[in-house]
Amino acid sequence: MRRLGDIVIQPAKTGLSMSGRNVSAENILVELGFGNGEFTEHLARKNPDSLVFGIEVSRSCALKAAVRASRHSIPNMYVMCGDARFLLREYFSDDSIRKVFMNFPCPWPKLRHEKRRLTGTGFAQDLASVLKMHGEYELTTDVEKFAVEMADALAGNAALEVKMA
């Protein structure tokens, strides 16, 4: 079993300390808003040579995912609790992430929630900065309006190429 302190990356600290492991652009995967952590765990198991980070704003979800990684002794899974817009920009180097996943996020459809959306917050620039050359951002959603809004926001950044399926 892994210690929770070895799994949870605390936002109050600066930089990533991976206990001497080489954090390279070829082996970092990130899931934004991981909920219960099942997909993050799946990524870590499927990619044992990668470092897999889950970023979640909910403390209870972050704790559940950390306990999951601890209980199953998943050596390459890490959890960060906080706002992904901040954590991507502040904790990952430019050109360091191979792929970012976002599965069925809340689209924050109400006007008063607009500030919470990733589409209007500089997310495209932050994403373009941290993704390595030919890196990918994969959004899976069942809300077409949100998918189109995200595609439009990302297309506004010359460093990103948008492909919709």
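Residues numbered from 1 in each chain as written. Predicted model: local features only at pLDDT ≥ 70, side-chain atom pairs only at ≥ 80, totals over all residues. Heavy atoms only, no water.

Structural notes on the overall build of the protein
Counting its secondary structure elements, the protein contains six helices and six strands. Taken over 165 residues, the protein has a buried fraction of 45%. Pairs at least 24 residues apart make up 75% of the contacts formed inside the protein by residues separated by at least 6 positions. For the protein, the exposed area adds up to about 9,400 Å²; of that, 51% sits on carbon and sulfur atoms. (Helix = DSSP H or I, 4+ residues; strand = E, 2+ residues; numbered from the N terminus. Buried < 20%, exposed > 50% of the residue type's maximum accessible area, 1.4 Å probe, protein only. Contact = heavy atoms within 4.5 Å. Areas by Shrake-Rupley, 256 points an atom, 1.4 Å probe, with all protein chains shown as cover.)

Considering a nonpolar patch on the surface
On the surface, Val148, Val162 and Met164 cluster together to form a nonpolar patch covering roughly 240 Å² of accessible area. One can find Val148 in helix H6 (residues 144–155). (Patch = residues over 30% accessible without salt bridge, like charges linked within 9 Å, V, L, I, M, F, W, Y side chains within 5 Å. Salt bridge = Lys/Arg side-chain N within 4 Å of Asp/Glu carboxyl O.)

Description of helix H2 (residues 38–46)
If you check which residues of H2 are buried, you get Thr40, Glu41, Leu43 and Ala44. For H2, the angular spread of buried residues about the axis comes to 160 degrees, placing them on one side. Those residues of H2 hidden inside the fold are in contact with strand S2 (28–32), strand S3 (51–56), helix H3 (59–71), strand S4 (77–81) and strand S5 (97–103). (Arc of directions from axis to C-beta.)

Let's talk about the nonpolar core
With 29 residues, the main nonpolar core has Val30, Leu32, Phe53, Phe92, Ile97, Phe123 and Tyr137 as its most contacted residues. Among the secondary structure elements, those contributing two or more residues to this core are S2, S3, S4, helix H4 (84–91), S5, helix H5 (123–130), strand S6 (131–140) and H6. It is H5 that provides the largest number of residues to this core, a total of five residues. (Core = buried A, V, L, I, M, F, W, Y, C linked by side-chain atoms within 4.5 Å.)

Thoughts on the environment of Lys132
Examined against the element boundaries, Lys132 turns out to sit in strand S6. The spacing of Lys132 and Lys99 is 33 residues in sequence and 8.4 Å in space, taken between C-alpha atoms.

Considering the confidence of the model for the protein
Averaged over the protein, the pLDDT score is 85; the fraction of residues at 70 or greater is 82%. Considering only residues more than four positions removed or in separate chains, one finds that residues 17–22, a stretch of pLDDT under 50, has ten contacts. (pLDDT = per-residue confidence, 0-100.)

Comments concerning unusual backbone geometry
Residue Asp95 is not a glycine yet carries a positive backbone phi of 55 degrees. Examined against the element boundaries, Asp95 turns out to sit in the loop between H4 and S5. Relative accessible area serves as the criterion here: at 48%, Asp95 is assigned to the partly exposed category. Even without glycine at this site, His134 takes up a positive phi of about 70 degrees.

Some thoughts on the environment of Thr40
Here Thr40 shows up in helix H2. Since its relative accessible area comes to 1%, Thr40 is described here as buried. For the pair Thr40 and Val79, spaced 39 residues apart in sequence, the C-alpha separation works out to 9.1 Å. Ignoring anything within four residues of it in the chain, the contact list for Thr40 reads Glu31, Phe34, Val52, Phe53, Gly54 and Met77.

Regarding the environment of Glu41
Tracing the sequence through the fold places Glu41 in helix H2. The residues touching Glu41, leaving out its near neighbours within four places in the chain, are Arg68, His72, Ile74 and Met77.

Quick word on the sheet that holds S3
Spatially, S1-S4-S3-S2-S5-S6 is the arrangement adopted by the six strands of the open sheet, whose pairing is parallel. This sheet does not close on itself; its edge strands, each paired only once, are strand S1 (8–9) and S6. Here H2 sits on the sheet and contacts S2, S3, S4 and S5; the angle it forms with S3, its principal contact strand, is near 170 degrees. Strands in contact with H4 are S2, S3, S4 and S5; relative to S4, the strand with the most contacts, it is inclined by about 120 degrees. (Pairing = 2+ DSSP bridges. Axes fitted to C-alpha atoms, helices over the stretch in contact; angles between N-to-C directions.)

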